[in-house]
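Observations on chain architecture
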Amino acid sequence: QVQLVESGGGLVQAGESLRLSCAASETIDGFSFMGWYRQAPAPGNEPTLVARITPTGSTLYVDSVKGRFTISRDNAKNTLYLQMNSLKVEDTAVYYCKVEGARTKLTIADYWGKGTLVTVSS
């Protein structure tokens, strides 16, 4: 079973930058999408899509992060990244990575990381 481990979260001030990483425990031979989701700290909130990338490198961003966030991946390192610039207070959330349709030698499945907290102060 593939494990995804996020890192890079922390406390920053508004306007600063962070880069999140999501490392996979094994090589993923193929996938449908890799993405970053976030869950704001409020009761009842569910994770919502922030950005995703396809195997061909096509990207999609939610409007609120366009021009500020960049999703990328390093196949050799089995790692997904999210560069976050010009952070805003409203970006505060737990950020999760997800791989949809991950294909390994034995399985095809969706996987989530356990999340990394990003806190942006004013």
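Refer to the structure presented above.
Since the structure is predicted, the reported quantities are computational estimates derived from the model, not experimental observations. (Residues numbered from 1 in each chain as written. Predicted model: local features only at pLDDT ≥ 70, side-chain atom pairs only at ≥ 80, totals over all residues. Heavy atoms only, no water.)

**Looking at the pattern of salt bridges**
- A complete count under the given rule lists four salt bridges for this structure.
- Residues K66 and D63 are paired through a salt bridge, measuring 3.0 Å at the closest nitrogen-oxygen approach.
- The exposure class of D63 is exposed, given its relative accessible area of 63%.
- Of the charged contacts, one joins R68 and D91 as a salt bridge, the two residues approaching to 2.7 Å between their closest N and O atoms. (Salt bridge = Lys/Arg side-chain N within 4 Å of Asp/Glu carboxyl O. Buried < 20%, exposed > 50% of the residue type's maximum accessible area, 1.4 Å probe, protein only.)

**With respect to the sheet that holds strand β3 (residues 18–24)**
- With antiparallel pairing, the four strands of this open sheet are ordered in space as β1-β3-β8-β7. Each edge of the open sheet is held by one strand with a lone partner, namely β1 (4–7) and β7 (69–74). Neighbour-to-neighbour, the strand axes of this sheet turn through a mean angle of 15°, independent of strand direction.
- Examined bridge by bridge, β3 and strand β8 (residues 79–84) share six bridges and lie antiparallel to one another. Looking at β8, one finds that S21 is bridged to Y81. (Pairing = 2+ DSSP bridges. Helix = DSSP H or I, 4+ residues; strand = E, 2+ residues; numbered from the N terminus. Axes fitted to C-alpha atoms, helices over the stretch in contact; angles between N-to-C directions.)

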